[in-house]
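Coordinates in review
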Amino acid sequence: MSRRRICILGGTGFVGRHLTAHLAAEGHEICILTRHPERHRQLQLLPSVKLVRTDVFNAVLLQRAFRGQDAIINLVGILNESRRSGLDFMRLHVDLPQRIVNACRESGVRRLLHMSALAASADAPSRYLRSKAAGEALVMGPEAADLHVTAFRPSVIFGRGDGLTSRFVHLLRAVPLVFPLACPDARLQPVYVADVASAMALALDDHRTFGQSYNLCGPDVYSLHQIVEYLAGVAGVRRRIVPLGDRLSRLQATILERAPGTPFSSDNYRTLQIDSVCENGFPAVFGIVPAHLADMVPSYLSVAGRPDAARFRSQTVT
Ligand SMILES: NC(=O)c1ccc[n+]([C@@H]2O[C@H](COP(=O)([O-])OP(=O)(O)OC[C@H]3O[C@@H](n4cnc5c(N)ncnc54)[C@H](OP(=O)(O)O)[C@@H]3O)[C@@H](O)[C@H]2O)c1
């Protein structure tokens, strides 16, 4: 693929850091729009990566940043709203994509990759999933008919610095003896961040992906309980993991959404009420064989043991 100029919104986040490294290694010129360039100096160490302090809600600044770019990638997303911090699902997941589409048009950029989420739908139980669906509908709809848009709908993504494996290992270590687990039966099909990054990079120049939305999942379906048990084993943390029933899961959500950093919320609880699994395998157009969770986790978490990866793979739920 020829060298491209790519502007990423949300490029400093978990997925963004992996995707930026991938694209930089392919020789592309990356411009990341961020609120806090000073917090992400390590990204500037990558060849041809530039961080630009930008208020992405400012139309003039957005147009200026987009001018001369070959493609825009939107990874901006939040898992929880916060009135105090002005974080609002509709603003981040719907209003911002609309502004991005407008700025693409004004600045003459035709290619847009947009990050949505698996199970996003207008009648999903959580505000997170409904707002992701509205944003995806906007970028895939008539509003953006003059652009070449590809949307990605991943299940939960795992990898170094994620909100799944790294976070649960951290929580397991922090909570002594007994670990109460909300929504233990939630069904997930975790997908490796490098596979997500590869799919996005491959899509950039592939005309077959224009106008398409892709569900992205790994090869295995697990319950959240299975994943947390596995992580405790990998991390060598001895905890009694207590699966909570529905009422206690909801109670835990209402308590923890008031805790600093919002480790769990009622909206997260509602998101976990529906399966985050794919009906089909990884989209064939990318030619990627997605990685197994158990094959990758020991490579990036500081682990005490290496539970039998093949055994864990064979424990997938249906
Ligand atoms: N991680 C997953 O398991 C998963 C699964 C499905 C879908 N997704 C979607 O994938 C995308 C990336 O996820 P991630 O896990 O990488 O998220 P992340 O680590 O939380 O990063 C989110 C990014 O969004 C930007 N952002 C957050 N609030 C903002 C605000 N108020 N104004 C402007 N920018 C803001 C941040 O940029 P700055 O702080 O630099 O400004 C940050 O780089 C999101 O759209 C998410 O919904 C993620």
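Source: prediction; values computed, not measured. (Residues numbered from 1 in each chain as written. Predicted model: local features only at pLDDT ≥ 70, side-chain atom pairs only at ≥ 80, totals over all residues.)

1. Brief notes about the site of the ligand
Convention followed: Nearness between a residue and a molecule or strand is assessed with a C-beta atom placed from the backbone; a distance within 6 Å qualifies. The classification used treats Ala, Val, Leu, Ile, Met, Phe, Trp, Tyr, Cys and Pro as nonpolar, Asp, Glu, Lys and Arg as charged, and all other residues, Gly among them, as polar.
Residues in close proximity to the ligand total 22 residues, the closest being Thr12, Gly13, Val15, Thr34 and Gly77. Residue composition of the shell around the ligand, grouped by class: 13 nonpolar, eight polar and one charged.

2. Digging into the domain arrangement of the chain
Many structure descriptions define interface size as the accessible area lost when the parts assemble. What counts, and what does not: An automatic or database domain assignment supplies the start and end points of every domain. We call two residues in contact when the distance between their C-beta atoms, placed using the backbone, is within 7 Å.
With domains assigned, the chain is organised as domain 1 (5-154) and domain 2 (165-186 + 220-278 + 291-313). The C-alpha centroid of domain 2 is placed 28 Å from the C-alpha centroid of domain 1. Across the contact, ten residues belong to domain 1 and ten residues belong to domain 2. Broken down by class, the residue content of the side of domain 1 that touches domain 2 amounts to seven nonpolar, two polar and one charged.

3. Remarks on the sheet that holds strand S11 (residues 212-216)
Short version of the rule: When DSSP locates at least two bridges between a pair of strands, those strands are taken to pair. For the purposes of this entry, the term helix denotes a DSSP run of H or I that reaches at least four residues, the term strand denotes a run of E that reaches at least two, and both are numbered from the N terminus. Interaxial angles span 0 to 180 degrees and are taken between N-to-C directions of axes, which are lines fitted to C-alpha atoms, for helices over the stretch in contact.
In space, the seven strands of this open sheet follow the order S3-S2-S1-S4-S5-S6-S11, with parallel pairing throughout. Two strands in the sheet have a free side with no partner beyond their single neighbour: strand S3 (49-53) and S11. Each strand of the sheet is rotated relative to its neighbour by a mean of 20°, with strand direction disregarded. In terms of strand pairing, strand S4 (residues 71-74) meets strand S5 (residues 111-115) through four bridges, oriented parallel. The residue bridging Ile73 from the neighbouring strand is Leu113, located in S5. Running at roughly 170° to strand S6 (residues 148-154), helix H7 (residues 193-203) makes contact with S4, S5, S6 and S11 of the sheet.

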